[in-house]
Amino acid sequence: MTAPASSRAVALVTLGCTRNEVDSEELAGRLAGDGWRLVEDPASADVAVVNTCGFVEQAKKDSIDVVLQAADLKGTGRTRAVVAVGCLAERYGRTLAEELPEADAVLGFDSYADLSAHLRAVLAGSPPRSHVPRDRRRLLPLAPTRRPAAAADVAVPGLGSAPRVRLDGRPWAPLKIASGCDRRCSFCAIPAFRGSFVSRAPEEVLAEARWLAAEGVRELLLVSENSTSYGKDLGDLAALERLLPELAEVQGVERVRVSYLQPAEVRPGLLDTMASVEPVMPWFDLSFQHAAPGLLRRMRRFGGTEPFLELLAAVRDRAPDAGVRSNVIVGFPGESEADVEELERFLVAARLDVVGVFGYSAEEGTEAAGLDGALPAPVVAERVARLTDLVEELTAQRAAERLGQVVHVLIDQVGDGEEGDGEGVGEVVGNAEHQGPEVDGVTVLEPARPAAGSGAGPAAPGGSASRRVRREPGEVVRARVVASEGVDLRAVPV
């Protein structure tokens, strides 16, 4: 017999990117609306729902490990079932269900609208059959401007189809502005299981921004698979430039960030808006992936060292202290030693704040998986280590260049303090304007130093002449950078 709705408990475990976090909060909203009680610990839930990631091989392994860990809870306490949802579930469907019998159900995006009923069926011993995956790009018209009318009949998670329930108390939150991707990068499988690019209507984005602000969010992180395409299916390629000033006017919102910018699609008007609208952070998340022009063409991408450096110059002409982050792939089929050296030349000249280095992972169903010139795994691993060492040195140098700068730190976490410190205030950690939350470095606030002429006299760091002021998450503190440790900064309030 299935437990009554009021007593059913569900835990959502989210893996992968911030876009998945939005999807989980919409799923939480659907379940809470149908009477499910949301709990944080899977061991305290009747059903553990794991929102998986299916991006690269390591992410897939991590997702399976988490499903198995949740399945181990069955029979030891309250947990009776484990359900896999998200990108890995969507991408592999029935195949994953057959190879992962520890999961009581594997549900794709089309199941989200009826997730509550599906979970009840799982608890009743009649789980729904897993889907057969399909190329979701074929579900919407090829012409972008014809998609809005058809999108209502297609399951597009995270686009406001359900009210969100916040699953954490962070002072920042992702806000999805679009879903899917129309690019055909030869290494990427995301478009096939996330579908074609669909923009969210500006009025819906603004409404959710107001709701998030009312929930205590002070920084909005705009997310999508490709934010520079926002509005193309709405017939307005400048839609993002129009949306940013409106988001900046939302009461309670102090910061707005834009993530996932495609270098080939960045327009001067977007740069102008991002640099001139004050609450928009001078932070540019540019997806370079490599710098050798020939290899980029094999990736089905555009650009190279010189055009990328020109783009960075355009960014810094408008915002000299801007933060720039990117990811690069090494070991792509056909990558030569000269290609690696070209990437190194670009990274040295680019002065990026954060760089993620990834070894190429051959993904089923992608063009690159069938290319010649595949490199042996030891060669890929050696290049990952080589580039990682380089970017760690370069990004540490870039952080050190910020010594003396005045930054504004949005406090994210405040420690409990050490026993007997007399203040009860621990380490205060947050993000400066150039630091994206979670993905980049952090800024640690040191105790305020005594003002000149205060009579306190000199003191060693942390001594009695320093005073740690109690801070709260969500507070923005003006501070001067006094030290750097790798990509992280230490700053003193001013």
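What counts as what
- Each chain has its residues counted from 1, following the order in which its sequence is written.
- Side-chain atom pairs in this predicted model are given and counted only at pLDDT of 80 or more, local residue features only at pLDDT of at least 70, and totals for whole chains, interfaces and linings cover all residues.
- To obtain the side-chain values, all non-hydrogen atoms of the structure were used and water was disregarded.
- Points on a 1 Å grid over protein atoms alone make up a cavity when a 1.4 Å probe fits among them but cannot get out, and a pocket when they form an open set with protein on both sides within 12 Å along at least five of seven lines; lining residues each have an atom within 4 Å of a point.
- Grid points are joined across faces, edges and corners, and a volume is the space filled by probe spheres set on the points.
- Put simply, DSSP marks the helices as runs of H or I at least four residues long and the strands as runs of E at least two long, and each gets a number from the N terminus on.
- Only Asp, Glu, Lys and Arg are considered charged, only Ala, Val, Leu, Ile, Met, Phe, Trp, Tyr, Cys and Pro nonpolar, and every remaining residue, Gly among them, polar.
- In plain words, nonpolar cores are sets of buried Ala, Val, Leu, Ile, Met, Phe, Trp, Tyr and Cys residues tied together by side-chain atoms within 4.5 Å.
- Categorising residues by exposure relies on relative accessible area from a 1.4 Å probe, with only protein chains included: less than 20% of the type maximum marks a residue as buried, more than 50% marks it as exposed, and the intermediate range marks it as partly exposed.
- Residues count as neighbours in contact if any of their non-hydrogen atoms are within 4.5 Å of one another.
- Strands were regarded as paired on the criterion that DSSP finds at least two bridges between them.
- Within 6.5 Å between ring centres, the rings of Phe, Tyr and Trp (the latter by its six-membered ring) count as paired, and their orientation is classed by plane angle as stacked under 30 degrees, edge-to-face over 60, tilted in between.
- Comment: the charge-over-ring label is applied if NZ (Lys) or CZ (Arg) is within 6 Å of the ring centre and within 35 degrees of the ring normal.
- To obtain each axis, a line is fitted to C-alpha atoms, and for helices this fit is confined to the stretch in contact; angles are then taken between N-to-C directions over 0 to 180 degrees.
- The cut-offs work like this: below 35 degrees is roughly parallel, past 145 is roughly antiparallel, 65 to 115 is roughly perpendicular, and the gaps in between are oblique.

A. Empty space enclosed by the protein, seen in detail. Counted according to the given criterion, the structure contains 4 cavities of 30 Å³ or more. Its boundaries defined by the atoms lining it, the largest cavity holds a volume of some 80 Å³. If you trace the largest cavity, you find it lined by Asp353, Val354, Thr395, Arg398, Ala399, Arg402, His434, Gln435, Asp440, Gly441, Val487 and Leu489. Ranked by residues supplied to the lining of the largest cavity, first place goes to helix 13 (residues 377-400) with 3 residues. In terms of residue class, the lining of the largest cavity is made up of 4 nonpolar, 4 polar and 4 charged.

B. Region of the structure containing the nonpolar core. Ranked by internal contacts, the top residues of the largest apolar core, which has 66 residues, are Leu247 and Leu347. The biggest single contributor to this core is helix 8 (residues 239-248), with 6 residues. Other than its neighbours up to four places away in sequence, Leu247 contacts Leu175, Val205, Leu206, Ala209, Leu220, Leu222, Val253 and Val256. The next biggest cluster of nonpolar side chains, apart from the first, holds 23 residues, and it includes Leu12, Val83, Leu107 and Phe193.

C. Examining the pairing of strand 17 (residues 476-485) more closely. Sheet topology note: the strand 14 (residues 406-414)/strand 17 ladder contains 5 bridges and is antiparallel. Its bridge partner lying in strand 17, Val407 is registered against Ala479. Counted along the chain from strand 17 to the antiparallel partner strand 18 (residues 488-493), the turn is 2 residues long, and its residue Gly486 has a positive phi close to 65 degrees.

D. Molecular detail of the packing of aromatic side chains. Scanning the entire structure with this criterion turns up 5 aromatic pairs. Taken together, the aromatic side chains of Phe288, Phe308 and Phe346 make up a single cluster linked through ring pairs. The positively charged end of Arg8 is found above the aromatic ring belonging to Trp36, 4.5 Å away from the centroid. Here the guanidinium or amino end of Arg19 rests over the ring plane of Tyr260, the centre of that ring lying 4.5 Å away.

E. Region of interest: the sheet that holds strand 10 (residues 255-258). Read from one edge to the other, the open sheet built from 3 strands follows the order 6-9-10, with strand pairing classed as parallel. The strands lining the two open edges of the sheet, one partner per strand, are strand 6 (172-176) and strand 10. Between one strand axis and the next, the sheet turns through 25 degrees on average, direction left out of account. Pairing geometry for strand 6 and strand 9 (residues 219-223), over 5 bridges, is parallel. Within strand 9, the residue paired with Ala173 across the bridge is Leu220.

F. Inspection of unusual backbone geometry at higher detail. A positive phi angle, close to 75 degrees, is found at Gln289, a residue other than glycine. Looking at the element boundaries, Gln289 is found in the loop between strand 11 (283-285) and helix 10 (293-298). Residue Gln289 is classed as buried on the basis of its relative accessible area of 11%. Even without glycine at this site, Arg351 takes up a positive phi of about 55 degrees. Looking at where Arg351 falls in the secondary structure, it is placed in the loop between helix 12 (337-350) and strand 13 (354-359).

G. Inspection of the packing of helix 8 against helix 9 (residues 268-276) at higher detail. With their axes 9 Å apart at the nearest point, helix 8 and helix 9 run at an angle of 10 degrees to one another. In terms of their interaxial angle, helix 8 and helix 9 are classed as roughly parallel. Between helix 8 and helix 9, the residues in contact are Leu240, Glu241, Leu244 and Pro245 and Gly269, Leu270, Thr273 and Met274, respectively. Split into classes, the residues belonging to the contact of helix 8 with helix 9 amount to 5 nonpolar, 2 polar and 1 charged.

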